[in-house]
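Analysis of the macromolecular model
One-letter residues, chain by chain:
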Amino acid sequence: MRKLCLAMAMAGMLAGGLAQAQSTLRIGLQDDPDVLDPVRARTFVGRIVFASLCDKLVEITPDLKIVPQLAKSWTISPDNKVLTFKLRTDAVFHDGTPVNAAAVKANLDRARTQPDSNRKSELATVASVEAPDAETVVLNLSEPDASLLSQLSDRAGMMMSPATFDKDPGGKPVCSGPYQFKERVQNDRIVLEKFPKYWDAANYHFDRLIFTPIPDTTVRLNNLRAGDLDIIERVAPSDARAVQDDKNLRLAPVTGLGFQSISVNLGNGARANNPLAKDKRVRQALDLAIDRDVLNQVVGEGMFQPAYQPFPPASFAYNTAFEHKGRDPKKAQALLKEAGFDRVKFEITFGNNTTMQQVFELVQAMGAEAGFDITLRPVEFASLQSSLARGDFEVGQSGWSGRVDPSGNIHQYVSCKGNLNDGKFCDPAVDKLLNDARAESDEAKRRAMYDQVLTAMQDQRPIVYLFYLPWTFGVQKKLEGFVPYPDGLIRLKNVR
């Protein structure tokens with residue numbers, strides 16, 4: 001009898017364990033996120049975690065329409081300088097405090113003014129924020145800003161509990177999303193648990209999320225195939241066929257909004273002291289040395305569409321006049337000689353994962369034929385972000401996951417005070433064009449301004465664009481309701 005009871009107890013424990021396992025969703029990331037504070041964060045993979053952790057004022061749809069989230073509605077004044085939000089009344093932070101107008105004002109003010117905020121340039125046009133009552137937030141703008149709503153659909157619009165601003169918000173974030181922070185083990189896992197008081201909790205069907213960074217694409221795929229992961233992001237192009245051929249898996253690709261590039265350190269610290277930084281002809285030569293079509297064919301297997309500008313083909317600001325084919329190593333060598341160099345040595349710092357290793361080994365080989373002696377410095381991804389921010393690089397990998405409005409793909413990267421302008425490129429004429437374009441609502445006029453910016457960028461080459469980022473997910477077929485979004489984030493509403 002005792003043996004039977006013990007067997008029944010063990011069976012019950014096993015069944016309970018299986019039920020718990022079934023309510024846990026495991027997601028494989030290419031990199032380990034940096035700080036889990038939307039105001040200070042820089043990494044794309046961090047945004048994937050934030051999508052489940054931190055609600056925003058507004059959200060986007062798969063076809064890039066802006067829709068309500070914490071804000072249930074909004075209006076813009078006739079002069080386009082006052083943006084007024086009406087908040088939903090049933091949202092609370094994970095510490096139980098209400099998401100009200102005072103909390104939203106505190107978040108926006110922190111993002112606008114905190115010294116180490118990476119959201120400052122995204123909110124640069126917000127002159128002041130008012131909270132006239134608990135449900136109303138008013139943003140007074142210094143000038144019209146056609147990009148602002150789209151910025152508020154991402155980290156600039158994510159809300160954290162103001163009560164936790166001085167309690168390690170990056171290490172123990174307290175937001176208001178469908179899942180709350182449980183634990184983090186650096187380079188191993190980030191665990192979130194379902195927040196029962198979430199205003200839309202009925203549409204989220206997993207009790208626990210585990211995000212696991214796995215930089216090696218083969219290992220990431222093998223974990224998916226073994227059933228140890230339910231979703232992986234950025235399936236390597238060489239692995240896409242394996243996912244398609246696996247009867248238990250589904251390949252879910254979507255064309256992204258972002259780009260992969262390399263930035264030249266022009267004036268950020270002691271390492272901004274090389275021929276690339278001193279002479280635009282050397283930067284132009286580097287651009288001519290790289291064949292994006294080869295990167296696409298060899299590494300991307302046709303999925304890495306060549307890029308020569310920050311605007312994706314889906315953007316109204318995209319202009320085919322700035323595209324070209326192939327490379328010109330002879331012209332590159334001539335430019336180096338014109339600048340007074342036979343060969344130029346420099347180092348590329350990049351995030352150490354399988355795909356980027358292959359990309360930069362090809363760049364290294366192409367550069368050698370054109371007169372460049374390139375050394376490669378692979379570092380852990382979070383270390384890359386720190387190196388870029390403090391200027392510890394000569395040329396650095398600089399990927400961007402993209403934004404709905406074109407301003408979000410360029411302003412913070414090349415404006416003089418842009419928070420992601422790691423190379424410190426600064427051209428007052430370009431700044432004026434970027435600010436004027438952001439303030440203009442007419443798309444044709446905005447495109448004309450961005451054309452002028454692209455012309456200046458082609459001449460100065462502070463950033464060399466390589467390819468547009470496709471977002472390719474591998475998903476267990478048993479998962480229902482998963483929809484890939486062009487911004488590359490993983491949204492779990494209605495996923496079962």
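Residues numbered from 1 in each chain as written. Predicted model: local features only at pLDDT ≥ 70, side-chain atom pairs only at ≥ 80, totals over all residues. Heavy atoms only, no water.

1. Focus on the domain arrangement of the protein
In terms of domains, the protein is made up of domain 1 (55-164) and domain 2 (256-470). Between domain 1 and domain 2, the C-alpha centre-to-centre distance is 31 Å. Counting residues at the interface gives 19 residues for domain 1 and 18 residues for domain 2. Taking both partners together, domain 1 and domain 2 bury about 1400 Å²; carbon and sulfur atoms supply 50% of that area. The tally of links between domain 1 and domain 2 comes to one salt bridge. Between R403 and D154 there is a salt bridge, with its nearest N and O atoms 3.5 Å apart. (Domains from an automatic or database assignment. Contact = heavy atoms within 4.5 Å. Buried area = accessible area lost by both parts, 1.4 Å probe. Salt bridge = Lys/Arg side-chain N within 4 Å of Asp/Glu carboxyl O.)

2. Quick word on the environment of V264
The residue V264 is located in strand 12 (residues 249-264) in this model. Along the primary structure V264 and P378 are separated by 114 residues, whereas in three dimensions their C-alpha atoms are 16 Å apart. For V264, the contacting residues outside a window of four places in its chain are L276, A277, R283, F393, E394, V395, G423, R461 and P462. (Helix = DSSP H or I, 4+ residues; strand = E, 2+ residues; numbered from the N terminus.)

3. Here's the deal with the state of the cysteines
The full count for this structure, using the stated rule, is two disulfides. Here C416 pairs with C426 through a disulfide, and the sulfurs are 1.9 Å apart. With the S-S bond torsion at 90°, the cross-link from C416 to C426 turns out right-handed. Remark: C426 occurs in the loop between helix 13 (411-414) and helix 14 (428-439) and C416 occurs in the loop between helix 13 and helix 14; sequence separation between them is 10 residues. Classification of C416 as partly exposed rests on a relative accessible area of 23%. Shown here for the protein is a disulfide pattern of 1-2, 3-4, where each number marks a bonded cysteine counted in sequence order. (Disulfide = S-S within 2.5 Å. Buried < 20%, exposed > 50% of the residue type's maximum accessible area, 1.4 Å probe, protein only.)

4. Quick word on unusual backbone geometry
Although it is not a glycine, E301 adopts a positive phi angle of roughly 50°. For E301, a relative accessible area of 48% corresponds to the partly exposed category. In this structure, K424 is a non-glycine residue whose phi angle is positive, near 60°. Its place among the elements puts K424 in the loop between helix 13 and helix 14. Taking the relative accessible area as the measure of exposure, K424 reaches 41% and is therefore partly exposed.

5. Focus: the packing of aromatic side chains
By convention here, two paired aromatic rings are described through the distance between centres and the angle between planes. Evaluated as defined, the whole model comprises 14 aromatic pairs. Measuring from centroid to centroid gives 4.2 Å for F304 and F467, while their planes differ by 5°, and the two rings are stacked. Placement of F304 in the loop between helix 9 (292-299) and helix 10 (329-338) and of F467 in strand 16 (residues 463-476) is noted, with a sequence separation of 163 residues between them. Judged by relative accessible area, F304 falls into the buried class, the value being 6%. Taken together through their ring pairs, the aromatic side chains of Y179, Y198, W199 and Y204 make up a single cluster. Residue placement shows R88 over the ring face of W199; its charged tip is 3.6 Å from the ring centre. If you follow R491 out to its NZ or CZ, it ends over the ring of Y485, 4.2 Å from the centre. (Phe/Tyr/Trp six-rings, centres within 6.5 Å; stacked < 30°, edge-to-face > 60°. Lys NZ or Arg CZ within 6 Å of the ring centre and 35° of its normal.)

6. A look at the pattern of salt bridges
Under the criterion given, the structure shown has 37 salt bridges. In this structure, R234 engages D31 in a salt bridge whose closest nitrogen and oxygen atoms are separated by 3.5 Å. Remark: D31 occurs in the loop between strand 1 (24-29) and helix 2 (44-53) and R234 occurs in the loop between strand 11 (231-232) and helix 6 (240-245); sequence separation between them is 203 residues. Taken as a pair, R234 and D31 share a single burial class, namely buried. In this structure, R47 and D154 form a salt bridge, with 2.5 Å as the shortest nitrogen-oxygen distance. Here R47 is found in helix 2, whereas its partner D154 is found in the loop between helix 4 (148-151) and strand 8 (179-185), with 107 residues between them in sequence. The pair R47 / D154 is uniform in exposure class, with both members buried. Counted as one network, the salt bridges with shared partners bring together R271, E347, R377, R390 and D392.

7. Things to note about the pairing of strand 14 (residues 372-379)
In the case of a regular strand, side chains alternate between the two sheet surfaces. Pairing between strand 13 (residues 344-351) and strand 14: eight bridges, direction parallel. Bridge assignment links K345 to a residue of strand 14, and that residue is D373. Chirality of the crossover, the property in question, places the unit of strand 13, helix 11 (residues 354-370) and strand 14 among those that are right-handed. (Pairing = 2+ DSSP bridges. Right-handed = clockwise from strand over helix to strand, strands pointing away.)

8. Observations concerning the sheet that holds strand 15 (residues 395-397)
Within the open sheet, the 10 strands sit side by side as 8-9-10-1-11-16-12-15-13-14. Their pairing is mixed. Across the chains shown, the open sheet's two edge strands, defined by having one partner strand only, are strand 8 and strand 14.

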